[in-house]
Amino acid sequence: MKKRIAKLIKRVKKYYKLKIKYPFYYRIKAIKQVDKKKAVFIENRFPYITNSFFLLHNSLAAEHDFTVKDCFLNETQENRELYDRNCMAMIKEVANAKYVFVNDSSNIVGCLPFREETKIIQTWHGCGAFKKWGYSNIDNKFGANAREMKKYPFYADYSLVTVSSPEVIWAYKDAFNLPDDNNSVKSTGVSRTDVFFDKEFIVKAYDHLYEMIPQAQNKKVILYAPTFRGNVANAMAPANLNQKLFCQFFANEYVLLNKHHPSTIRRPPIEEGCQETIFDVTDELSIEELLCVSDICITDYSSIIFEYSLFEKPIIIYAYDLDKYVDWRGFYYNFTDFVPGPIARNNRDLFSYIENIEDYDLNKVKNFKNKFMRSCDGHSTTRIINEILHLG
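Everything in this summary refers to the structure shown in the same document.

Scoring rules and cut-offs
Residues numbered from 1 in each chain as written. Predicted model: local features only at pLDDT ≥ 70, side-chain atom pairs only at ≥ 80, totals over all residues. Heavy atoms only, no water. Buried < 20%, exposed > 50% of the residue type's maximum accessible area, 1.4 Å probe, protein only. Helix = DSSP H or I, 4+ residues; strand = E, 2+ residues; numbered from the N terminus. Pairing = 2+ DSSP bridges. Phe/Tyr/Trp six-rings, centres within 6.5 Å; stacked < 30°, edge-to-face > 60°. Contact = heavy atoms within 4.5 Å. Axes fitted to C-alpha atoms, helices over the stretch in contact; angles between N-to-C directions. Lys, Arg positive; Asp, Glu negative; His and termini not counted. Salt bridge = Lys/Arg side-chain N within 4 Å of Asp/Glu carboxyl O. Polar contact = N/O pair within 3.5 Å; in protein donor to acceptor, adjacent residues only side chain to side chain. Parallel < 35°, antiparallel > 145°, perpendicular 65-115°, else oblique. Left-handed = near helix turned anticlockwise from the far one by under 90°. Nonpolar A, V, L, I, M, F, W, Y, C, P; charged D, E, K, R; others polar.

### Concerning the pairing of strand S3 (residues 97–102)
Counting buried residues along S3, six of its six residues qualify, which places the element largely inside the surrounding structure. As paired strands, strand S1 (residues 35–43) and S3 are joined by five bridges and run parallel to one another. Residue pairing in the sheet places alanine 39 in a bridge with tyrosine 99 of S3. Here S3 pairs with strand S4 (residues 119–122) via four bridges, running parallel.

Spelled out as structure tokens, the structure:
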């Protein structure tokens, strides 16, 4: 009985905030005239401006004389009163903003009755189209309930959705429940990929690598960047790579850099005897830096396969739990036909692919890049800003 009452109270609070409190507060603050030079960036989970926004954020502030405001909701924190205050502060900022930037789904943003003058720009936090999300995943194990999504939508009426290639426009329309004749999804390229064409950035990435991991000098670098398991709220890092065997086979030639998903709660420790070969650099090196300095990328279901394909280097898919993951999450494309590299289902296969990396056929990676990253050429940020300024 107590659990049922607690659930009822939770539902009532949710309804009150999303259907009454937040929309009403927006309408009060929206009495002000829209500031045509104001841009607001909303980060749902992180207390800093992430890579999806960074270049756009700096360009609007420095080169286009915009008033730029940052709103950090910190939605995963346990203090719900602080989260509510963050949401109210965000609503106050967006109420008179001309441009509102989001890079994730949010039922807070989705509940607001934005006026026509305000333009909502969705830059999404992943390139390409890989794992299903949003309306594509309704009523699946990972997805939301259809009734809840309709009642409390996680997606706004976007004026612009930026994607990495014409190939994936259909998937974003499906995820955001947009009609076929909607023209808001555009293959402008993805802003954060511009750094991969910046020679100075790449040089600095190597300098930072050798500063943090001196052992990487005179060795090849393997990046291991798996996505999390479970839901975002209880995200866990996989721990199925045999560290001691890796060191036994490859310590003389490689260093292995682990970059875990930022949502993971606990990460597998580096085993004794492997500390000079395997390193957890999740907090020390950015994913952009790591993609630039790596000779091989090992991942599973992470969208970094799109970004890494820009370098036309070997990608190995370590999908030891593929059958379970496909059933749980779902993909936009058939996984085995879609991925740009060989699929290892166990450590033996994984190490064999590394050992025979000289025989790797890069044509599949190049074709993958041309299909899914065609619009990413180092000038995406400029194109996106041009699109924004012409929204009216």
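### A few points about the sheet that holds strand S11 (residues 315–318)
Strand order in this open sheet of six strands is S9-S8-S7-S10-S11-S12, and the pairing throughout is parallel. Of all strands in the sheet, those bounded by a partner on one side alone are strand S9 (278–280) and strand S12 (343–344). By the bridge criterion, five bridges tie strand S7 (residues 220–224) to strand S8 (residues 254–258) in an arrangement that is parallel. Note that in S8 the partner of leucine 223 across the bridge is leucine 257.

### Looking at the packing of aromatic side chains
Here the structure, examined in full by the defined rule, presents 41 aromatic pairs. When the centroid spacing of 5.0 Å and the interplanar angle of 75 degrees are considered together, the rings of tryptophan 133 and tyrosine 172 count as edge-to-face. Remark: tyrosine 172 occurs in helix H6 (residues 169–175) and tryptophan 133 occurs in the loop between S4 and helix H5 (146–151); sequence separation between them is 39 residues. Since its relative accessible area comes to 7%, tryptophan 133 is described here as buried.

### A few points about the sheet that holds strand S2 (residues 67–72)
Strands sit in the order S2-S1-S3-S4-S5-S6 across an open sheet of six strands; the sheet is parallel. Edge positions in the sheet fall to S2 and strand S6 (185–186), since each of these pairs with one other strand and no more. Seen against the sheet, helix H3 (residues 80–94) touches S1, S2 and S3 and runs at an angle of roughly 155 degrees to S1.

### Some points on the side chain of arginine 115
When you line up the elements, arginine 115 lands in the loop between helix H4 (107–110) and S4. It is glutamate 117 that comes nearest to the buried, bridge-free arginine 115 among opposite-charge side chains, at 4.5 Å. Within polar-contact distance, the side chain of arginine 115 engages the backbone oxygen of alanine 30 at 3.0 Å.

### A closer look at the packing of helix H8 (residues 243–250) against helix H13 (residues 347–355)
The packing of two helices is summarised by the inter-axis angle and the distance between the axes. Two elements in contact, H8 and H13, have axes whose closest approach is 11 Å; the angle formed by their N-to-C orientations is 25 degrees. Relative to H13, H8 is oriented roughly parallel. For H8 against H13, the interelement crossing comes out right-handed. Residues Leu245, Phe246, Phe249 and Phe250 of H8 pack against Phe351, Ile354 and Glu355 of H13. Residue composition of the contact of H8 with H13, grouped by class: six nonpolar, no polar and one charged.

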